[in-house]
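Summary of structural features
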Amino acid sequence: MDTWAELFDRAEAYETTVVEIRETLATRREGNDD
Amino acid sequence: MTEASPSRIVADADVLAADLLVGGVAREALDHVRRHSWLTLLASDQLLADTEAAVAELGDPDLAGAHRERLESTAERIEHPAGDHPALATAYHGGAAHLLSDDDSLRSPAAGLSIQPHADLSVRPPDAFARLFDPASLYRVAVGGEYPGPDQDPRA
């Protein structure tokens, strides 16, 4: 299992924002409500 | 509902995903939790599934799976009815005193949720939690005695 340090290192390959995360979650939850 | 405990904490899926993919205040907030073995992070299957889906979409599925595995190894699993807001329901059923979320609607009295948080639940954005976290006073209430300092590596 990865350590938190290893996970954060792997995640550095991606650039995203809190806004994008929230939009992604909102879309998912809207889909679940259908 | 379990009685709220000041050592029990829920992070909404946006905060869990931001901890991994963005860093910043979400990571500062969750580092406080990771540094202290007497703080308990709570999560439900629904909360973990939301987090995994967001990380898979904005990162990649392998990373999302590894992140979920790490969360499952550290978080206490809470069950709640399907359809309830995962973070709020986890806090409600898990007796959490702290809910970290960037969702403003959870801090609104007119949230329109099917369940309402208990009076002892503090819903804060991660930057407020990171800024206001006072481990010494929390330790006195949650454990008792003099705060011994951090006892875990937050990157382990």
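Everything numeric here is computed off the predicted structure, so don't read it as measured data.

Considering the pairing of strand β4 (residues 96-100) of chain B
Residues and elements named next belong to chain B. Here β4 lies mainly inside the structure; five of its five residues are buried. Two strands pair when backbone bridges link them, and strand β1 (residues 5-11) and β4 are joined in this way by four bridges, in the parallel orientation. Residue pairing for β4: Ala11 is matched across the bridge by Leu100. The pairing of β4 with strand β5 (residues 122-124) spans three bridges and is classified as parallel. Pairing of Leu100 across the sheet is with Arg124, part of β5.

Overview of the interface of chain B and chain A
Listed by partner, the interface residues are 24 residues for chain B and 19 residues for chain A. At the level of secondary structure, the elements contributing two or more residues to the side of chain B that touches chain A comprise α1 (13-21), α3 (45-58) and α4 (61-74) of chain B. Among the residues forming the side of chain B that touches chain A, the class breakdown is 13 nonpolar, three polar and eight charged.

Comments concerning the packing of α3 of chain B against α4 of chain B
All names here are of chain B. It is at 8 Å that the axes of α3 and α4 come closest, and there the two elements cross at 150°. The angle between α3 and α4 falls in the class roughly antiparallel. Seen along the crossing, α3 lies across α4 with a hand that is right-handed. For the pair α3 and α4, contact is made by Leu48, Thr51, Glu52, Val55 and Ala56 and by Pro61, Leu63, Ala64, Gly65, His67, Arg68, Leu71 and Glu72, respectively. For the contact of α3 with α4, the per-class residue count stands at seven nonpolar, three polar and three charged.

Some words on α4 of chain B
Within an α-helix, residues lying three or four positions from one another point in the same direction, as the helix has 3.6 residues per turn. Under the 1.5 Å per step criterion, the end-to-end length of α4 of chain B is 20 Å for 14 residues, consistent within 8% with the ideal 20 Å. Taken as a whole, α4 of chain B has its buried residues at Leu63, Ala64, Ala66, His67 and Leu71 of chain B. In an axial view of α4 of chain B, the angular spread of the buried residues amounts to 165°, which keeps them on one side of the axis. Exposed positions of α4 of chain B whose direction lies more than 90 degrees from the buried face are Pro61, Asp62 and Ser73 of chain B. Residues of α4 of chain B that are buried make contact with α1 (4-11) of chain A together with α1, β2 (40-43) and α3 of chain B.

Some words on the nonpolar core
With 49 residues, the main nonpolar core has Ala17, Leu21 and Leu99 of chain B as its most contacted residues. Looking at which element gives the most residues to this core, the answer is α1 of chain B, with seven residues. Non-local contacts of Ala17 of chain B, meaning those with residues more than four positions away in its chain, are made with Ile21 of chain A together with Thr51, Ala54 and Val55 of chain B.

A closer look at the sheet that holds β4 of chain B
In any sheet, the strands associate via hydrogen bonds between backbone groups, in a parallel or an antiparallel arrangement. Residue and element names in this part refer to chain B. Taken in spatial order, the five strands make up an open sheet running β3-β2-β1-β4-β5, and their pairing is parallel. Each end of this open sheet is capped by a strand with a single partner; those strands are β3 (76-77) and β5. Direction of pairing for β1 relative to β2: parallel, over a ladder of three bridges. In the strand pairing of β2, Ile9 is matched with Leu41.

Thoughts on the packing of α1 of chain A against α4 of chain B
One way to put it is that α1 of chain A packs onto α4 of chain B with a least axis distance of 11 Å and a crossing angle of 155°. On the basis of the axis angle, α1 of chain A is roughly antiparallel to α4 of chain B. As α1 of chain A runs across α4 of chain B, the sense of the crossing is left-handed. Residue-level inspection shows Trp4, Leu7, Arg10 and Ala11 of chain A of α1 of chain A in contact with α4 of chain B, the latter providing Leu63, Ala66, His67 and Arg70 of chain B.

Basis of the calculations
Residues numbered from 1 in each chain as written. Chains lettered and ligands numbered in written order. Predicted model: local features only at pLDDT ≥ 70, side-chain atom pairs only at ≥ 80, totals over all residues. Buried ≥ 20, exposed ≤ 12 C-beta atoms within 10 Å, placed from the backbone. Helix = DSSP H or I, 4+ residues; strand = E, 2+ residues; numbered from the N terminus. Pairing = 2+ DSSP bridges. Contact = placed C-beta atoms within 7 Å. Nonpolar A, V, L, I, M, F, W, Y, C, P; charged D, E, K, R; others polar. Axes fitted to C-alpha atoms, helices over the stretch in contact; angles between N-to-C directions. Parallel < 35°, antiparallel > 145°, perpendicular 65-115°, else oblique. Left-handed = near helix turned anticlockwise from the far one by under 90°. Expected span 1.5 Å × (residues − 1). Arc of directions from axis to C-beta. Core = buried A, V, L, I, M, F, W, Y, C linked by C-beta atoms within 7 Å.

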